[in-house]
Amino acid sequence: MYSQSTVIAGGLAHIPVIIGVFSFIQKFFSKRASNFPQDTEPKKSPVKPVEQKSAPNTAPVAKVTPNTVTKKKHADVPVNIYRPKTPYEGTVIENYSLLKEGAIGRVNHITFDLKDSDPFLNYVEGQSIGIMPAGEDANGKPHKLRLYSIASTRHGDDFNGNTVSLCVRQLQYEKDGETINGVCSTYLCDIKPGDKVKITGPVGKEMLLPEEEDANIVMLATGTGIAPMRAYLRRMFEPTEKEKNKWNFKGKAWLFMGAPKSANLLYEEDLQRYLTDNPENFKYTKAISREQQNTKGGRMYIQDRVLESANELFNMIEDEKTHIYLCGLKGMEPGIDEAMTKAAEEKGLNWSELRPQLKKAGRWHVETY
Ligand code: FAD
Ligand code: A2P
């Protein structure tokens, strides 16, 4: 029927089609891989090491070197694997109070199972997830999502890499003589193991840890602002976590923690254990507002503690390897700013110039709410 030359010509004519099909298949699979990096893999962090600048540690901070490499590095941190239209329904594994007898309010540690998520909902330390509370708002619309800082490392509390944990305070306030309970925080504090919860995310690149093992990490937290810090400290000091992550933290970690009462201190036993095991690498300073007083006789806040430690703190900040993380009440920001201004003055530095430089260098990290 066909001559040999017709068959050859016909075959050649199909080559572009075959190439097209192959290239489509290749593109499809490489897109899936980049959309859903399975970096719960304990062996390899998505963030590659940054080369250290050669500037001496004593360099004046007025000349902070912008760390542009850090910005680029975060490109492969997972974000928005699940969105509000198609959230992942995670199962509650546990939900327990973090407070001791006599504490104020309600703060819970809540863990969700992620193992059935497909694509897998992976995350790194310092990110947040969204929670969509069950039910409807006053207009009959589904409730909007609320963000919560992730309190676990990427390996999860059980180190198997398929859970995520949160640290949630129930919002409660008085209005016209009535107690109002926050919608999502109450929903989360009330849920029981086995319940299904709509989860979105992960989101956020502001609070990521640097990859350098010799970085110094200063943490300023109030209340549930401890959540990301808990993940950082587990990554640094929890023995099983360290085996998994192969990240041998060699820098100094300094946590300033604000709580209203001793009974409200969160994750205190773990923090004390890290102190005992790592006295050279971990410092922990508490401001217990309703049990301690500042020099003016007022409530002791973390900014008062910052002022007390101004010299030591600014010696650390002068080191290019130092990152500062601020998380918790939005209301603490002006107080921290004021304290940093005074502390900087004592060292002959100008905080209003320094802070934007630290921010630009990727060393000043703030997540308040
Ligand atoms: P809602 O029902 O949404 O009520 C909140 C509203 O109540 C406010 O918008 C305000 O209009 C009103 N309101 C609040 N207080 C008062 C008052 N005193 N008087 C009058 N009106 C008032 N929370 C945590 O517990 N843990 C976390 O780790 C955490 N991480 C977060 C991370 C990020 C990035 C962000 C943005 C927020 C985070 N939050 C966290 C806060 C969380 O997202 C919710 O905002 C919080 O739980 C309250 O939500 P809700 O649904 O319970 O309250
Ligand atoms: P207080 O409530 O005694 O005024 P929690 O979230 O568990 O309530 O903890 C928040 C902590 O932060 C409390 O000790 C609270 O003190 C404290 N705090 C409240 N306002 C500020 C502020 N503007 N700056 C710093 N800390 C604050």
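Preceding block: the structure.
Considering unusual backbone geometry
Turning to step 1, where the next piece is worked out: Residue P119 is bonded to the preceding D118 through a cis peptide linkage, with omega at 5 degrees.
Turning to step 2, where the next piece is worked out: Here P119 shows up in the loop between β2 (107–113) and β3 (128–132).
Turning to step 3, where the next piece is worked out: With an omega of 5 degrees, the peptide bond between G201 and P202 qualifies as cis.
Turning to step 4, where the next piece is worked out: Tracing the backbone through its elements, the reader meets P202 in strand β8 (residues 196–203).
Turning to step 5, where the next piece is worked out: The residue F159 is not glycine, and still its phi comes out positive at about 65 degrees.
Turning to step 6, where the next piece is worked out: If you trace the backbone, F159 turns up in the loop between β4 (146–149) and β5 (163–169).
Turning to step 7, where the next piece is worked out: What makes F159 buried here is its relative accessible area of 15%.

Observations concerning the packing of helix α8 (residues 310–317) against helix α9 (residues 332–346)
Turning to step 1, where the next piece is worked out: It is at 9 Å that the axes of α8 and α9 come closest, and there the two elements cross at 85 degrees. Looking at the two axes, α8 sits roughly perpendicular to α9. Contacts between α8 and α9 involve A310, L313, F314 and I317 on the former and, on the latter, M340, A343, A344 and E346.
Turning to step 2, where the next piece is worked out: Split into classes, the residues belonging to the contact of α8 with α9 amount to seven nonpolar, no polar and one charged.

Details of α9
Turning to step 1, where the next piece is worked out: Spanning 15 residues, α9 covers 21 Å between terminal C-alpha atoms, matching the ideal 21 Å at 1.5 Å per step.
Turning to step 2, where the next piece is worked out: Within α9, burial applies to M332, G335, I336, A339, M340, A343 and A344. All buried residues of α9 project into a common sector of 165 degrees when viewed along the axis, lining one side. Exposed and facing more than 90 degrees away from the buried side of α9 are P334 and E345.
Turning to step 3, where the next piece is worked out: Just downstream of α9 lies G348, where phi reads positive at about 75 degrees.

Observations regarding the site of ligand 2
Turning to step 1, where the next piece is worked out: Near ligand 2, the surroundings consist of 14 residues, among which A259, S289, R290, R299 and Y301 are the closest.
Turning to step 2, where the next piece is worked out: Between ligand 2 and the protein, one listed contact pairs a nitrogen atom with a backbone N or O atom of G331 at 3.1 Å.
Turning to step 3, where the next piece is worked out: Computed on the free molecule, ligand 2 has an accessible area of 560 Å², of which 82% lies beneath the protein chains in the complex.
Turning to step 4, where the next piece is worked out: Taking a 2 Å distance to the grid points as the criterion, the majority of the atoms of ligand 2 fall inside the largest pocket.
Turning to step 5, where the next piece is worked out: Looking at the shell around ligand 2, its residues break down into five nonpolar, six polar and three charged.

A closer look at the nonpolar core
Turning to step 1, where the next piece is worked out: In terms of nonpolar packing, the biggest core is built from 34 residues, with C167, M229, L233, M236, L255 and F282 touching the most fellow members.
Turning to step 2, where the next piece is worked out: Secondary-structure elements contributing two or more residues to this core are β9 (216–222), α4 (226–237), β10 (253–259), α6 (268–277), β11 (282–288) and β12 (322–328).
Turning to step 3, where the next piece is worked out: The greatest single-element share of this core, amounting to seven residues, is contributed by α4.
Turning to step 4, where the next piece is worked out: When sequence neighbours within four positions are dropped, the list of residues in contact with C167 reads L98, V107, N108, A151, T224, I226, A227, L266 and Y267.

Some words on the site of ligand 1
Turning to step 1, where the next piece is worked out: L147, Y148, V183, C184 and S185 are the nearest of the 16 residues found near ligand 1.
Turning to step 2, where the next piece is worked out: A distance of 2.8 Å separates an oxygen atom of ligand 1 from a polar atom in the side chain of R146.
Turning to step 3, where the next piece is worked out: L147 places a polar main-chain atom, nitrogen or oxygen, 2.6 Å from an oxygen atom of ligand 1.
Turning to step 4, where the next piece is worked out: When ligand 1 is considered free in solution it has 990 Å² of accessible area, and contact with the protein chains removes 62% of it.
Turning to step 5, where the next piece is worked out: Here ligand 1 is seated within the largest pocket.
Turning to step 6, where the next piece is worked out: Elements with a minimum of two residues in the shell around ligand 1: β4, β5 and α3 (183–190).

Observations concerning the sheet that holds β10
Turning to step 1, where the next piece is worked out: The parallel open sheet is built from five strands, whose spatial order is β11-β10-β9-β12-β13. Because the sheet does not close on itself, it has two edges, and the strands there are β11 and β13 (364–368). Pairs of neighbouring strands in the sheet enclose a mean axial angle of 10 degrees, with direction left out of account.
Turning to step 2, where the next piece is worked out: Sheet topology places β9 next to β12; six bridges connect them, and they run parallel. Bridge pairing in β12 places V218 opposite I324.

Cut-offs used in this document
Residues numbered from 1 in each chain as written. Chains lettered and ligands numbered in written order. Predicted model: local features only at pLDDT ≥ 70, side-chain atom pairs only at ≥ 80, totals over all residues. Heavy atoms only, no water. Helix = DSSP H or I, 4+ residues; strand = E, 2+ residues; numbered from the N terminus. Buried < 20%, exposed > 50% of the residue type's maximum accessible area, 1.4 Å probe, protein only. Axes fitted to C-alpha atoms, helices over the stretch in contact; angles between N-to-C directions. Parallel < 35°, antiparallel > 145°, perpendicular 65-115°, else oblique. Contact = heavy atoms within 4.5 Å. Nonpolar A, V, L, I, M, F, W, Y, C, P; charged D, E, K, R; others polar. Expected span 1.5 Å × (residues − 1). Arc of directions from axis to C-beta. Near = heavy atom within 4 Å. Polar contact = N/O pair within 3.5 Å; in protein donor to acceptor, adjacent residues only side chain to side chain. Areas by Shrake-Rupley, 256 points an atom, 1.4 Å probe, with all protein chains shown as cover. 1 Å grid on protein atoms, 1.4 Å probe; cavity = no way out; pocket = protein on both sides within 12 Å on 5 of 7 lines; lining within 4 Å. Sits in = over half its atoms within 2 Å of the grid points. Core = buried A, V, L, I, M, F, W, Y, C linked by side-chain atoms within 4.5 Å. Pairing = 2+ DSSP bridges.

Nothing here speaks to function; it is geometry throughout.
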